[in-house]
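Remarks on the overall topology
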Amino acid sequence: MASASRMGIDEGSGDETKGGMWELDQKLDQPMDEEAGRLRNMYREKKFSALLLLRLAFQSLGVVYGDLGTSPLYVFYNTFPHGIDDTEDVVGALSLIIYSLTLIPLLKYVFIVCRANDNGQGGTFALYSLLCRHAKIKTIPNQHRTDEELTTYSRSTFHEHSFAAKTKRWLEAYPFRKNALLIIVIVGTCTVIGDGILTPAISVLSASGGIKVDHPKMSNDVVVVVAVIILVGLFSLQHYGTDRVGWLFAPIVLLWFLLVGGIGIFNIWKYDSSVLRAFSPVCIYRYFRRRKKEAWTSLGGIMLSITGTEALFADLAHFPVSAIQLAFTVIVFPCLLLTYTGQAAYLMQNKEHVVDAFYRSIPESIYWPVFVIATLAAIVASQATISATFSIIKQALALGCFPRVKVVHTSKKFIGQIYIPDINWILMILCIAVTAGFRNQSQIGNAYGTAVVIVMLVTTLLMTLIMLLVWRCHWVLVLVFTVLSLVVECTYFSAVLFKVDQGGWVPLVIAAAFLVIMYVWHYGTVKRYEFEMHSKVSMAWILGLGPSLGLVRVPGIGLVYTELASGVPHIFSHFITNLPAIHSVVVFVCVKYLPVYTVPEDERFLVKRVGPKTFHMFRCVARYGYKDLHKKDEEFERKLFDNLFLFVRLENMMEGCSDSDEYSLYGQQTQNSMDYLLQNKSNPTTGNNTCSSMESIVPVKSPTQGSNTVTSSSGRESSQAEVDELEFLNRCRDAGVVHILGNTVVRARRDSRFYKKIAIDYIYAFLRRICRENSVIFNVPHESLLNVGQIFYV
C-alpha cells in the first residue's frame, strides 16, 4: 500500500493520502520543483526576412514536394485502368483532380494542418505529443510537473467549464480512451511506413516505364529490372545521408515542376482548350451521373493526385510553415493544375494512350531530357519518403512505441537527417518485393491509395482534438472542419475498399504487422514501468542501513540506470542484497523522453540529493525530446558530472549564505548569481568567491528582525564544505565510474490470459532479444558495465 500511495503522489494522480512513510520519502527524496524552476527561460520563434523566406521556399521543393510532384506520372492510368470510353469522362476526372488538390493539400494541409505543428515538427506523433501536453493521455506515466517548466513545453490553459476542459476530462476519464487514441496514432504511423515502401515502388516504376514509350516492343520485365536496379542503388546510398547530395534536390524538383507546367500549357494550346471547363464543379456531378459505380471506384485512382500530402506535413521540421505555404501556392499548385489539365487535353484526342498519358503527351524534341528529369524526380520523391519514415520511427522509438534500433546521424549540420540501417534494408526488401510482385502501376496504385487515405483519416481525428484542446476553437468551427474532411476522405476510403483484392491489401498487411510490433512493445514497456513503480524501495529501509548502507563503500561512482524519475529502484535493493560492496557515491540516472520535440541543453539535467549528505546518493534525470540525439557516453557522462558539481555548489551556497527559508537561492533576485555559476560550471572545483557574490545579491535581515545575518564566517564554512565535497567527488570520479544496468526478463503471470502470454512471453521476448541493449544505446564500455539480472512477472 505504501508503494502504491507513493506512485499516486509522485506521478501527479491527485492522491492526497499522507502517512508517515510518505512524508519521510518526500523530505528525503523530494520532487525537483526548484531545480526545474530555475532553468526556465523564454522561447521565441524565429523571424525570417523576405529573401531568406524565398530561399527556404526554394529549398523546400526538394524535400517536401517531391512525392506530390511525381503523381502526374500515374494518376490518369490508375483512374482509367480499363481505358476511356467517353472523352467527357476525362473532363469529369480532371474536375475531381482539381478540387481534390484544392480541398486537401491546399486548404486542409497547407493552411490548417501545418499550423498544428509541435514547435515546427510535423507528423502524427508530433500531433500526439502536442495533445499529451494538454491532457494526461500519455500511457507511460513518467511525467512530472517539473517537466512543464521546460521552455519547449508550451501549452495553453482553459476554463474549467469550457468545452475544451470537458473534452480533456472525457479523454482522461478511462484508460481505454487513452489506449484507443494511442492505437489510432500507431495506425497512422504504420501506414506512413507503408508509404515508405510503396512510394519508391510506384514512382520509380512509373518513371522507368517511359522506356517502353520509345521502344514499344520492349518487355515489361526489362522495365521492372531497371526499376529494381534503381531501387537497390537508392537504398544502398542511404547511409551517406542527404546532406551531401541534398543541394541537388531543389533544382531538380523546381526544373521538374517548370517542365511539366510548361508541357501542360503547350498541350492545352495544341490539343483541346475546352478541358478548362473542368474548373466548374458541375462536371463532377455529370461524371457521377454518367458513370455511376465506375465513377465511384475511379476515385481510388484520382486520389493518387494528392499522395505526398501527408509527407508534406511529416517533413515540416526542415522548413518554416510560411516557406512551405509560399512554395505550394506559387510553384507547386499552379504547375500541378497545368500538367493535369494538359494531360487531359491530350487524352481528349488520344484516349487510347491513357496507359502512358504523361510520356505520350511530351513533345518528341524534349522527350529524353524529360525522361531523365522524371527519373531523378522519382528518386528525390522516394528519398523524401524514406527519410520521413526514418524520422517517424525515431519519434516512435523515443516515445516507447518501437523496439530499440540503431540510429545513425548522417549530418553534423542537420540533426533531423538520420539513417536507420535495420529499417532501411527491411524497406528495400519489401519495396523490391512489391515492385517485382505486382509488376504494374495499377495494383501498386491501389495499395498506395489505401495507405494514404488511412493516414489522412488519422490526421483528421487528431486535428479535431487539437482544435478543441490546443487552439480552443468554437465547437461549430471544429464540427465544420471535421465533417467536411471526413466527407471527402471517407468517400475516397469507400472507393479504395473496392480495390482491396486488387493490391489494396498490401498496406493493410504491412500496417498490421508493424501495429502488432509497436503496440506489443509499448504494452511490455508500460507493464515493466508499472512493476518498477510498485516495487520501489522505501526510504525508511535505506535509512535503516546507515551511511554505509550496511556494506563496504569502495572508491568510485556507481551510475545506477533506472526508468523511475523518483524513488529508489528495485534494482538497487537487488544489487546490495547480493553483493557485499557499493561505491562511495551512488547516482540514480533516469533517462526519459518527454512529449516535446527537443529539450534545450541547459535544461536537460535535473540533479537532486537522495537522503542525508553522509550517504553520498544523488538522482540525475536526463530529459530528451523525440528529435534529440544521444551524445556518446563520454559526452553524456561529462555533462552529468558537470551538473552534479554545479548542484553541490548551489546547495552549499544555500546553506552557507542564509539560514532563513524566506530567501530562496532560485528566486528572481539571485538570477545574476545563477548566471555567474552557469558561466563557471566548467570548472567545478573553483567556488571560493561564490558566497561573496551571494552576499551582494541576497538581502540581509537586521538583528532586530529576529534572524541571523549572513556573516563572512558562515560563508567561509559553506565554501570549505563545498570544496571538501567537490574534492571527494573528484577523487571518486578518478577512482572509476561503473555503469549499473538492469538486465530484466519480463514474463507473464501464470494466471494471465492466453493473449497476454503470447504478447509478453513470445512476441515481446523475441523483440527484446533482437533489439539493441541499453548498454549499446548509452555507448557504455564493457569494462565499466555491470548488469544486474532480475525477472519481472507482469
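Residues numbered from 1 in each chain as written. Predicted model: local features only at pLDDT ≥ 70, side-chain atom pairs only at ≥ 80, totals over all residues. Heavy atoms only, no water.

- The name given to the protein in an unreviewed UniProt entry is Potassium transporter 11 isoform X2, with the source organism recorded as Nicotiana tabacum.

**Let's talk about the pairing of strand β4 (residues 581-593)**
- Summarising burial for β4: eleven of the 13 residues are buried, a large majority.
- Examined bridge by bridge, strand β3 (residues 552-562) and β4 share nine bridges and lie parallel to one another. Opposite Val554, over in β4, you have His583 as the bridge partner. (Buried < 20%, exposed > 50% of the residue type's maximum accessible area, 1.4 Å probe, protein only. Helix = DSSP H or I, 4+ residues; strand = E, 2+ residues; numbered from the N terminus. Pairing = 2+ DSSP bridges.)

**Comments concerning helix α20 (residues 367-398)**
- The terminal C-alpha atoms of α20 lie 47 Å apart, and with 32 residues this matches the ideal 46 Å at 1.5 Å per residue to within 8%.
- Of the residues trailing α20, Gly400 is marked for its positive phi of about 75°. (Expected span 1.5 Å × (residues − 1).)

**Comments concerning the pairing of strand β6 (residues 617-624)**
- The element β6 is extensively covered by neighbouring structure, given that eight of its eight residues are classed as buried.
- By the alternation rule, side chains of β6 split into Met617, Arg619, Val621 and Arg623 and Phe618, Cys620, Ala622 and Tyr624, which are all buried.
- Sheet analysis places β4 next to β6, joined by eight bridges and oriented parallel. Across the sheet, the residue bridging to Tyr593 is Tyr624, located in β6.

**Section: the packing of aromatic side chains**
- Scanning the model with the defined rule gives 20 aromatic pairs in all.
- Relative to Trp269, the ring of Phe266 has its centre 6.1 Å away and its plane inclined at 50°; by these criteria the two rings are tilted. Pair noted here: Phe266 and Trp269 are both in helix α13 (residues 246-270), with a separation of three residues, about one helical turn.
- Between the aromatic rings of Tyr367 and Trp368, the centroid separation amounts to 5.2 Å while the plane-to-plane angle is 85°, which identifies the pairing as edge-to-face.
- Note on Trp368: relative accessible area 38%, which makes it partly exposed.
- The ring centre of Trp471 lies 4.8 Å from the NZ or CZ of Arg115, which sits over that ring. (Phe/Tyr/Trp six-rings, centres within 6.5 Å; stacked < 30°, edge-to-face > 60°. Lys NZ or Arg CZ within 6 Å of the ring centre and 35° of its normal.)

**Things to note about the side chain of Asp195**
- Locating Asp195 in the fold gives a position in helix α10 (residues 175-208).
- For Asp195, which is buried and forms no salt bridge, the nearest opposite charge comes from Lys108, at a distance of 13 Å.
- Ignoring sequence-local partners within four residues, the contact set of Asp195 consists of Pro200, Thr385, Tyr448, Ala451, Val452 and Val455. (Lys, Arg positive; Asp, Glu negative; His and termini not counted. Salt bridge = Lys/Arg side-chain N within 4 Å of Asp/Glu carboxyl O. Contact = heavy atoms within 4.5 Å.)

**Re the nonpolar core**
- Core analysis: the biggest nonpolar cluster contains 160 residues, and Tyr65, Phe76, Phe125, Phe257, Phe328, Tyr359 and Phe402 have the highest contact counts within it.
- In this structure, Phe257 is in contact with Leu61, Tyr65, Gly69, Ile331, Val332, Cys335 and Leu336, ignoring residues within four places of it in sequence.
- Core analysis: the second largest hydrophobic core is formed by 27 residues, Val607, Cys620, Phe641 and Cys732 among them. (Core = buried A, V, L, I, M, F, W, Y, C linked by side-chain atoms within 4.5 Å.)

**Comments concerning helix α7 (residues 87-110)**
- The end-to-end C-alpha distance of α7 is 33 Å, a good match for the 34 Å that 24 residues give at a rise of 1.5 Å each.
- Residue Asp86 occupies the N-cap position of α7, its side-chain oxygen lying 3.0 Å from the main-chain nitrogen of Glu88. (Polar contact = N/O pair within 3.5 Å; in protein donor to acceptor, adjacent residues only side chain to side chain.)

**Remarks on the packing of helix α8 (residues 124-134) against α20**
- Across the interface, α8 lies against α20 with an axial gap of 9 Å and an inter-helix angle of 30°. Residues Thr124, Phe125 and Ala126 of α8 form the contact with α20, whose participating residues are Ile392, Gln395 and Ala396.
- Grouping the amino acids of the contact of α8 with α20 by side-chain chemistry returns four nonpolar, two polar and no charged. (Axes fitted to C-alpha atoms, helices over the stretch in contact; angles between N-to-C directions. Nonpolar A, V, L, I, M, F, W, Y, C, P; charged D, E, K, R; others polar.)

**Side note on a nonpolar patch on the surface**
- A cluster of nonpolar side chains, Phe163, Trp475, Val476, Leu479, Val480, Val483, Leu484 and Val487, forms an exposed patch at the surface whose accessible area comes to about 750 Å².
- Of all the elements, helix α23 (residues 475-497) adds the most residues to the nonpolar patch, at seven residues.
- For Val483, the location among the structural elements is in helix α23. (Patch = residues over 30% accessible without salt bridge, like charges linked within 9 Å, V, L, I, M, F, W, Y side chains within 5 Å. Areas by Shrake-Rupley, 256 points an atom, 1.4 Å probe, with all protein chains shown as cover.)

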